[in-house]
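Here are the chains, one letter per residue:
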Amino acid sequence: MDKTLTSQELIAELRDGMVIGIGGWGARRKPMSLVREICRSSVRDLTIVTYGGPDVGMLCAAGKVAHLVFGFVSLDVIPLDPHFRRAREAGLSSVELDEGMLQWGLYAAGLRLPFLPTRAGLATDVQRHNPQISTITSPYPDGEVLLAMPAVELDVAIVHVNEADAAGNCQVLGPDPYFDDRFCMAAKRRYVSCERIVPTEQLSDSGPLQTMLLHRGLVDGVVESRFGAHPTSCAPEYGIDVAHLNEYAAAVEPDAWAAYGERYLSGSDADYLAAVGGEDHLERVPATTF
Amino acid sequence: MDDMPPTLAETCIVACAESWRGDGEILASAIGVIPRIAAGVARMTFAPDLLVTDGEATLVATPVPVGERETAPVAESWMPFRRVFDTLWSGRRHVLMGAAQVDRYGSTNIASVGGTPQHPTRQLLGMRGAPGNTISHACSFWIPSHRERVFVERVDVVSGAGYDPAMWDAGVNRSFHEVRRIVTNMAVLDFLTPQRTMRVRSLHPGVTLEQVQANTGFPLDVAEDLTVTRLPTDEELVLIRELLDPTGRRNAEVRDA
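Residues numbered from 1 in each chain as written. Chains lettered and ligands numbered in written order. Predicted model: local features only at pLDDT ≥ 70, side-chain atom pairs only at ≥ 80, totals over all residues.

**Details of the overall build of chain A**
We count it as follows: What counts as a helix is a DSSP run of H or I of at least four residues, what counts as a strand is a run of E of at least two, and both are numbered from the N terminus. It is over C-alpha atoms that the radius of gyration is taken, and the globule rule equals 2.2 Å times the number of residues to the power 0.38. Exposed residues have 12 or fewer other C-beta atoms within 10 Å of their own C-beta, buried residues have 20 or more, and residues in between are partly exposed; the C-beta atoms are placed from the backbone. In this description, a residue-residue contact is defined by the distance between C-beta atoms placed from the backbone, which must lie within 7 Å.
Broken down by element type, chain A carries 12 helices and 11 strands. Computed over its C-alpha atoms, the radius of gyration of chain A comes to 19 Å, within 12% of the 19 Å expected for a compact globule of 290 residues. C-alpha atoms of chain A, sized along the principal axes, occupy 65 × 50 × 40 Å. Per-residue burial for chain A yields a buried fraction of 51% across its 290 residues. A sequence separation of at least 24 residues applies to 76% of the contacts in chain A between residues at least 6 apart.

Below, the structure written as structure tokens:
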């Protein structure tokens, strides 16, 4: 089955008010070409669920976010995304979770469970600030009171991977799968952008079976997007583009953001890649050292 | 260079490293420059069983220096974030991290300051992993600037659980919770009092108890056997200066007075 589509065709599947989960972690392996396409689209009032990086800040700056479910929003090389900070300090509706709670909520949704128990969040303001999150008492002799992390159900998940075949089998060649499979399991519709669409038999040449993070049963659409994670990293192919993130992070005031948008978001993604220095430059962005 | 006396940063690094003494074969997670160097010191001297990462998903056979490195480290295993979560919920971890605010009971805040939960005056990092960390395993904190704005009577947001009894509902399991130690640029503090309130355990060389109290927004307990924080050994100084932080990034975080 051929599930390939263009990013425009993918965005046409989105609706106002959807709950969208975004894979990756901070400034690492984010589906940024899809995020930019959302910024260019008319879709609005989204609920975004993610371990956030510039995806969150950019969508906030573009006015696309009605509600945010997050554990953090960080650019890694810059501790806090200033666009996200500005949105939060202006009162953006949000639910702030512990990182592990978010994983648990996605996992519960993927397993079709109403909740999963955990201690994370108890005895902190995660619990007090979120009265919609209840506790449950163990039915066993220990009688322990645990936090019942509710399922975080997604309408759509978008993730970025190194390689995929046209049917949606996905391969992650970097050192960390993050929680991309959890996001896909938690979502009704799952879309992947990838550095390369390859013949199925090439997946085995690129890496061992364990690198094949998502099988086609968890993927509804595949978009080929070389450098699609830029300015975030896509190990082992390219690192975080620190210079670009600094430029992005400096464009907080309305005039500066408008100029950033004019330069980087007004055209196609091919225009974007040219504007950020072209393939020759992008191939030389060094691996990030943490 | 190794004849130079220890700097304050180096004394702080060793005080941070001491957090992990006796922890055995668990994951030592270190957030920030000085904690990272400290984990390396502990691993390479008195706590050789500790597991340490490259700051990403690799457990490394030898601790890596902070900043750029010329050779790829030798991997001894794999520690992606999902394994970090499993490891921390299982308790086999001790994290040393920062905090924007700390109160008398060791409740900590890295999330936001001021305003309301929906509308903070100043957004900080968010909860990150602090709630799960603090209720699951030992946590220690590194505070590079000991002052009243950090050591507050009441934190604006409790992202890391402390010993404040008002925060612990009946039936919640407290047995895995431990705020082990707080290291600042002035002193080492712990919570080994009957009420589990903050206590000065040692003063860095040249610092007085009065100075520490004057920079703390609540009354401090004091250890009966209050001591002076130990200085780095020659071996520790060599590790810090030549191997773990050859470019001196530690000096950007804390300087001699």
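After that view of the structure, there is still more to cover.
**What about the overall build of chain B?**
Scanning chain B from N- to C-terminus turns up six helices and 13 strands. A principal-axis box enclosing the C-alpha atoms of chain B has dimensions of 50 × 45 × 35 Å. Taking all 257 residues of chain B together, the buried fraction comes to 50%. Sequence separation of 24 or more characterises 66% of the internal contacts of chain B that already satisfy a separation of 6 or more.

**Considerations on the interface of chain A and chain B**
In many analyses, interface size is given as the accessible surface area lost on bringing the parts together. Put simply, the rule is: Each residue gets one of three labels, nonpolar for Ala, Val, Leu, Ile, Met, Phe, Trp, Tyr, Cys and Pro, charged for Asp, Glu, Lys and Arg, and polar for the others, Gly among them.
Contacts between the two partners involve 39 residues from chain A, matched on the other side by 40 residues from chain B. Of all the elements in the fold, those that place two or more residues in the side of chain A that touches chain B are β3 (65-73), α4 (82-89), α5 (99-110) and α6 (125-129) of chain A. Per element, the largest residue contribution to the side of chain A that touches chain B is four residues, and it comes from β3 of chain A. The residue makeup of the side of chain A that touches chain B, split by class, is 17 nonpolar, 12 polar and 10 charged.

**Some words on helix α6 (residues 234-244) of chain B**
What sets the pattern is the α-helix's 3.6 residues per turn: residues three or four places apart point alike. Residues and elements named next belong to chain B. Where we set the bar: Here the arc refers to the set of directions running from the helix axis out to each C-beta atom.
Burial in α6 covers these residues: E236, L237, L239, I240 and L244. The buried residues of α6 occupy an angular sector of 160 degrees when projected down its axis, which confines them to one face. Opposite the packed face of α6, turned more than 90 degrees from it, sit the exposed residues D234, E235 and E242. Taken together, the buried residues of α6 touch α1 (8-17) and α2 (33-44).

**Regarding unusual backbone geometry**
All names here are of chain A. Between H230 and the following residue, P231, the backbone shows a cis peptide bond with an omega angle of 10 degrees. Mapped onto the fold, P231 is located in the loop between β11 (221-224) and α9 (242-250). In this chain, A235 is followed by P236 through a cis amide linkage whose omega measures 0 degrees. Its place among the elements puts P236 in the loop between β11 and α9. Residue D76 is not a glycine yet carries a positive backbone phi of 65 degrees. Checked against the element boundaries, D76 lands in the loop between β3 and α4. C-beta crowding within 10 Å serves as the criterion here: with 18 such atoms nearby, D76 is assigned to the partly exposed category.

**A few points about the pairing of strand β11 (residues 187-190) of chain B**
Residue and element names in this part refer to chain B. Note the cut-off: At least two bridges found by DSSP between two strands is the condition for calling them paired.
Side chains A187 and L189 of β11 all project onto a buried face; the interleaved residues V188 and D190 project onto the opposite face, where all are buried too. Sheet topology note: the strand β10 (residues 178-184)/β11 ladder contains two bridges and is antiparallel. Along β11, the bridge assignment pairs I182 with L189. Counted between consecutive antiparallel strands, the loop separating β10 from β11 contains two residues. Pairing analysis gives four bridges linking β11 to strand β12 (residues 199-203), with the strands arranged antiparallel. Residue A187 lies in a different strand from β12, and its bridge partner there is L203.

**Side note on the sheet that holds strand β5 (residues 115-118) of chain A**
Residue and element names in this part refer to chain A. What counts, and what does not: Here an axis means a line fitted to C-alpha atoms, over the contact stretch when the element is a helix, while the angle between two N-to-C directions is reported on a 0 to 180 degree scale.
With respect to topology, three strands assemble into an open sheet ordered β5-β7-β6, the strand pairing being antiparallel. Looking at strand neighbours, the two that pair on one side only are β5 and β6 (135-137), the edges of this open sheet. Averaged over all adjacent pairs, the angle separating strand axes in this sheet is 40 degrees, with direction ignored. Strand direction decides the pairing type here: β6 and strand β7 (residues 145-150), joined by three bridges, are antiparallel. Opposite T135, over in β7, you have L147 as the bridge partner. Against the sheet, α5 engages β5 and β7, with an angle of about 150 degrees to β5.

**Points about α2 of chain B**
Residues and elements named next belong to chain B. Condition: Each residue after the first adds 1.5 Å to the expected span of a helix.
Spanning 12 residues, α2 covers 17 Å between terminal C-alpha atoms, matching the ideal 16 Å at 1.5 Å per step. Among the 12 residues in α2, 11 count as buried, and that is most of the element. The complete set of buried residues in α2 reads V33, I34, P35, R36, I37, A38, A39, G40, V41, A42 and R43. Here the buried face of α2 lies against α1, β1 (27-30), β4 (93-97), β9 (138-143) and α6.

**With respect to the environment of S112 of chain B**
All names here are of chain B. Counting through the fold element by element, S112 comes out in strand β7 (residues 112-113). With 26 C-beta atoms counted inside 10 Å, the residue S112 sits in the buried group. Discounting residues that sit within four places of it in the chain, S112 has contacts with P120, R122, Q123, L124, D156 and V157.

**Some points on the sheet that holds β12 of chain B**
Paired through backbone hydrogen bonds, the strands of a sheet run either parallel or antiparallel to each other. Residues and elements named next belong to chain B. Taken together, seven strands build an open sheet; the order of strands is β1-β4-β9-β10-β11-β12-β13 and the sheet is mixed. Of all strands in the sheet, those with a lone pairing partner are β1 and β13 (221-228), marking the two edges. Here the average twist between neighbouring strands, direction ignored, is 15 degrees. On the sheet, α1 packs against β4, β9, β10 and β11 and is oriented at approximately 175 degrees with respect to β10.

**Quick notes on the packing of helix α2 (residues 32-40) of chain A against helix α3 (residues 54-61) of chain A**
The axes of two packed helices give the description: the angle between them and the distance between them. Residues and elements named next belong to chain A. How we decide: Working rule for angles: under 35 degrees goes down as roughly parallel, over 145 as roughly antiparallel, 65 to 115 as roughly perpendicular, anything else as oblique.
Across the interface, α2 lies against α3 with an axial gap of 10 Å and an inter-helix angle of 10 degrees. If you check the angle between α2 and α3, you find them roughly parallel. Two secondary-structure elements touch here, α2 through M32, V35, I38 and C39 and α3 through P54, D55, M58 and L59.

**Quick word on the nonpolar core**
As a reminder, the rule being used: A set of buried Ala, Val, Leu, Ile, Met, Phe, Trp, Tyr and Cys residues, joined through C-beta atoms within 7 Å, is what we mean by a nonpolar core.
Formed by 145 residues in total, the largest nonpolar core has its most connected members in L154 of chain A together with I13, C16, A38 and V41 of chain B. Sequence-distant contacts of L154 of chain A, that is, excluding residues within four places in its chain, are made with V19, I20, G21, V49, A109, F183, A186 and A187 of chain A. With six residues, the next largest nonpolar core counts A27, L75, L245 and A251 of chain A among its residues.

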